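Coordinates in review
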Amino acid sequence: ALHLRTAVNKKTSDNVRQVTSWQYLNCLRLWTRVISAHPAEDELGALAFPLSQVLGGVLSMAESMYLCPLRFHVVQCLQSLAAHCQVFIPTAAKMIDVLEHQDITSKASSSTDVLPELTYTVKLPTDSLSRAPVRDLVVEEAITLIRHDAEVYRHHVGFPEYAYLTIRKLRVFAKGSKITKWRDLARTTASQLESISNDVKTARASLGKTPMQITEFEPLLPVGG
């Protein structure tokens, strides 16, 4: 773990290549699965925080938009840790950053090239983000992960406040986009998050406590859910 943190903290070209490699990612994915399988505090749950710090460090080093596949893999790891260990690890803002990036919003060219498989890569091919189909792929995955993020916290009393900015940003993205598919995805997702927010507001009002008084991670989870 110390070696991983040191590599993340020293931002040199060699270290960037190291932490954006498949070998490094697979190490992080393995630890994510192990901790997620044993999330209790008296098991491996206490390791969720240091691992999330390392994963966050990888995100900060993966600045290039061509490393979007790596970002998506890392966000999936963070969401798994959050869900299984029941800890708050926000990831929606990282995906909003992808949607707002100029490599996505600038004019694209059409292409009939074979699309990259995001599941099996950590980096997009050179110049691929100039092509509309690749941007479609990136936008769809980013919005999918925003939805997954919402599912992690949908039974948390703080969901409305947490999701507020994401909903607002999605609506701004939809309004400014000239691509019908993107507008529909963003608007639909914003509406879904808004619906969850309204349900949470109604449910938490019946608890008779303020959100600050509630320490459970999913106090609004239906019985038997």
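Note that the coordinates shown come from a computational prediction; the quantities given were computed from them, not determined experimentally.

1. Concerning the overall build of the protein chain
The number of helices and strands found in the protein chain is 10 helices and 0 strands. The order of helices and strands in the protein chain, counted from the N terminus, is α-α-α-α-α-α-α-α-α-α. Taken over C-alpha atoms, the radius of gyration comes to 19 Å for the protein chain, in line with the 17 Å a tight globule of 225 residues would show. Out of the 225 residues in the protein chain, the part that is buried amounts to 42%. In the protein chain, once contacts between residues fewer than 6 apart in sequence are set aside, the share between residues at least 24 apart is 68%.

2. Structural notes on the packing of aromatic side chains
Scanning the entire structure with this criterion turns up 5 aromatic pairs. Seen in terms of ring centroids, Phe 88 and Tyr 162 are 5.2 Å apart; in terms of plane orientation they differ by 85°. Their pairing is edge-to-face. Linking Phe 88 in the loop between helix H5 (68–85) and helix H6 (92–100) with Tyr 162 in helix H9 (residues 159–176), this pair joins segments that are 74 residues apart in sequence. A connected cluster of aromatic rings, assembled from ring pairs, spans Phe 88, Tyr 153, Tyr 162 and Phe 217.

3. A look at the packing of helix H3 (residues 22–37) against helix H4 (residues 48–61)
As a packed pair, H3 and H4 sit with axes 11 Å apart at the nearest point and diverge in direction by 150°. One element, H3, and the other, H4, form an angle in the roughly antiparallel class. The hand of the H3/H4 crossing is left-handed. Only Ala 48, Leu 51, Val 54, Leu 55 and Val 58 of H4 make contact with H3, whose side of the interface consists of Tyr 24, Leu 28, Trp 31, Thr 32 and Ile 35.

4. Topic: the pattern of salt bridges
In a structure, side chains of opposite charge can pair up when their charged atoms sit close to one another. Inspection of every chain in the model, using the stated rule, returns 6 salt bridges. One salt bridge connects Lys 181 with Glu 140, and the closest N-O pair in it is separated by 3.5 Å. Taken as a pair, Lys 181 in helix H10 (residues 180–205) and Glu 140 in helix H8 (residues 132–153) lie far apart in primary sequence, 41 residues in all. Judged by relative accessible area, which is 30%, Glu 140 ranks as partly exposed.

5. Concerning H5
Taking 1.5 Å as the rise per residue, H5 with 18 residues should run 26 Å; its terminal C-alpha atoms sit 25 Å apart, in good agreement. Most of H5 sits out of view: 14 of its 18 residues are buried. Residue Gln 86 follows H5 closely and has a positive phi angle near 55°.

6. Some remarks on unusual backbone geometry
In the Ramachandran plot, Gln 86 falls in the positive-phi region, its phi being about 55° despite a non-glycine side chain. Residue position: Gln 86 is located in the loop between H5 and H6. The exposure class assigned to Gln 86 is partly exposed, which follows from its relative accessible area of 42%. Positive phi outside glycine occurs at Asp 127, with the angle close to 70°.

7. Comments concerning the environment of Val 74
Mapped onto the elements of the fold, Val 74 is located in helix H5. Here Val 74 falls in the buried class, since its relative accessible area comes to 1%. Considering only alpha carbons, one finds Val 74 and Glu 43, 31 residues apart in sequence, at a separation of 23 Å.

8. Here we look at H6
Within H6, the full set of buried residues consists of Ala 92, Met 95, Ile 96, Val 98 and Leu 99. Seen end-on, H6 carries its buried residues on one side only, within an arc spanning 155°. If you follow the buried residues of H6, they end up packed against H5, helix H7 (102–105), H8 and H9.

9. Describing the confidence of the model for the protein chain
Scored by pLDDT, the protein chain has a mean of 90; 94% of the residues are at 70 or more. Confidence drops under pLDDT 50 across residues 1–8; counting only partners more than four residues distant or on other chains, this segment forms 16 contacts.

Definitions and limits used
- Residues numbered from 1 in each chain as written.
- Predicted model: local features only at pLDDT ≥ 70, side-chain atom pairs only at ≥ 80, totals over all residues.
- Heavy atoms only, no water.
- Helix = DSSP H or I, 4+ residues; strand = E, 2+ residues; numbered from the N terminus.
- Rg over C-alpha atoms; globule rule 2.2 N^0.38 Å.
- Buried < 20%, exposed > 50% of the residue type's maximum accessible area, 1.4 Å probe, protein only.
- Contact = heavy atoms within 4.5 Å.
- Phe/Tyr/Trp six-rings, centres within 6.5 Å; stacked < 30°, edge-to-face > 60°.
- Axes fitted to C-alpha atoms, helices over the stretch in contact; angles between N-to-C directions.
- Parallel < 35°, antiparallel > 145°, perpendicular 65-115°, else oblique.
- Left-handed = near helix turned anticlockwise from the far one by under 90°.
- Salt bridge = Lys/Arg side-chain N within 4 Å of Asp/Glu carboxyl O.
- Expected span 1.5 Å × (residues − 1).
- Arc of directions from axis to C-beta.
- pLDDT = per-residue confidence, 0-100.

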